[in-house]
Every structure is written in C-alpha cells, then in structure tokens.
Amino acid sequence: MTSQIREILPPATASAFPALSQLRPALVGTADFVRIVDEVQRLEGYRLVGVFDRGQPSALAVAGFRVHHSLSAGRFLYVDDLSTIASARRQGYARRLLDWLLDEARRLECAQVHLDSGVGLDRADAHRLYLNTGMTITAHHFAVPLRPAT
C-alpha cells in the first residue's frame, strides 16, 4: 500500500481542507479553515489525522477528533469529522482511519469512541461503515440553533 496515515500538525493543516470541505461545504476557504482549526479547535484538544498517498500534499481522507470526559461515558474519543475526497471513496481509507482512531483511543485509555452522523439516504454508506466497524446506534442527538444575542 503506497498510502500512509499520519497526524496533521501545523503548518500542514491546509492539507486536510480538500477532504473536510466535502463533508463541511459551509467552510469558506482554506485560510479560514486553517485559522479556525489552528487558533480555536486545536486549543480545545482537536486533532487531525489523514491518509496520504506518497508524494501528495493533500490528504485523501481525514478524521478530526478530540478526547472528552462525561459522567455517562467516562473518558472517550469523539470523532468530529470523517471525510474522504470523492475520487478516493470506497477504497478503504475511512475504515483505515477508524481503525487508527480505535487504536488511538485505546492508547489514550478511553473507554469508548463516539461519532455523530447525519441522517438521510446519502449517509447510508457511512452508516454501513460505522456498523461494520462495531459501532452501534446508542442515542438520538438533539440540537437547537441559537440566534446571536443582540
């Protein structure tokens, strides 16, 4: 296999943008993405890991994650983002990243790995991957958008 998994650290954060922008189309551009990740999310424990083809500057697939603690789950690794560029889908990259994340969670002595996923027919392949990785559907996730205070 010519691809390798490696953590994406500054100043290489931009190498995750092509893959993550497909999952998060509201991202306005590479510079804003790098600023948000490096100046906000990394300070909150966010980490990036990607699958790279030898000699290619951008990741084929990327996972963004962090470790949390809760009364219900204890210490757990939460997967914020998991995305593969369209031309590289169905080649096992997301599965390799999930396996890496499970190993990292064990290394960090986490009790569980959590991931939220949107619903809809367009998410069927992702859901099949999660279930085939041993994940189970354990909850409904509720959210309410708030308007900025005036």
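This is a predicted model, so every value here is computed, not measured.

Novice: Hey, could you run me through the overall build of the protein in this one?
Specialist: Scanning the protein from terminus to terminus reveals four helices and five strands. Each helix and strand of the protein, placed in order from N terminus to C terminus, yields the pattern β-α-α-β-β-β-α-β-α. On C-alpha atoms alone, the protein measures out to a radius of gyration of 16 Å, which is about the 15 Å that the 2.2 N^0.38 rule sets for 150 residues. Within the protein, residue pairs in contact and separated by at least 24 positions form 60% of the contacts whose partners lie at least 6 positions apart. With an accessible surface of roughly 9,600 Å², the protein has 55% of that area assigned to carbon and sulfur atoms. Measuring between centres, the 17 positive side-chain charges of the protein sit 3 Å from its 15 negative side-chain charges.

Novice: It is not clear to me how helix H2 (residues 30-41) should be interpreted in this structure. Could you clarify?
Specialist: Because an α-helix packs 3.6 residues into every turn, residues spaced three or four apart end up facing the same way. Every buried residue of H2 is accounted for by Phe33, Val37 and Gln41. Projected down its long axis, H2 carries its buried residues within an arc of 40°, all on one side. Away from the buried face of H2 by more than 90 degrees, exposed residues Ala31 and Glu39 are located.

Novice: Help me understand the sheet that holds strand E1 (residues 3-8) in this model?
Specialist: Neighbouring strands of a sheet are bound in pairs by backbone hydrogen bonds; such pairs are parallel or else antiparallel. Pairing in this open sheet of five strands is mixed, and the strands run E1-E2-E3-E4-E5 from one edge to the other. The strands lining the two open edges of the sheet, one partner per strand, are E1 and strand E5 (112-115). Going across the sheet, the axis of each strand differs from the next one's by a mean of 25°, ignoring polarity. Both strand E4 (residues 74-84) and E5 contribute to a ladder of four bridges, which runs parallel. Its bridge partner lying in E5, valine 79 is registered against leucine 115. Against the sheet, helix H3 (residues 93-107) engages E1, strand E2 (47-53), strand E3 (61-70), E4 and E5, with an angle of about 140° to E2.

The rules behind the values
Residues numbered from 1 in each chain as written. Predicted model: local features only at pLDDT ≥ 70, side-chain atom pairs only at ≥ 80, totals over all residues. Heavy atoms only, no water. Helix = DSSP H or I, 4+ residues; strand = E, 2+ residues; numbered from the N terminus. Rg over C-alpha atoms; globule rule 2.2 N^0.38 Å. Contact = heavy atoms within 4.5 Å. Areas by Shrake-Rupley, 256 points an atom, 1.4 Å probe, with all protein chains shown as cover. Lys, Arg positive; Asp, Glu negative; His and termini not counted. Charge placed at Lys NZ, Arg CZ, Asp CG, Glu CD. Buried < 20%, exposed > 50% of the residue type's maximum accessible area, 1.4 Å probe, protein only. Arc of directions from axis to C-beta. Pairing = 2+ DSSP bridges. Axes fitted to C-alpha atoms, helices over the stretch in contact; angles between N-to-C directions.

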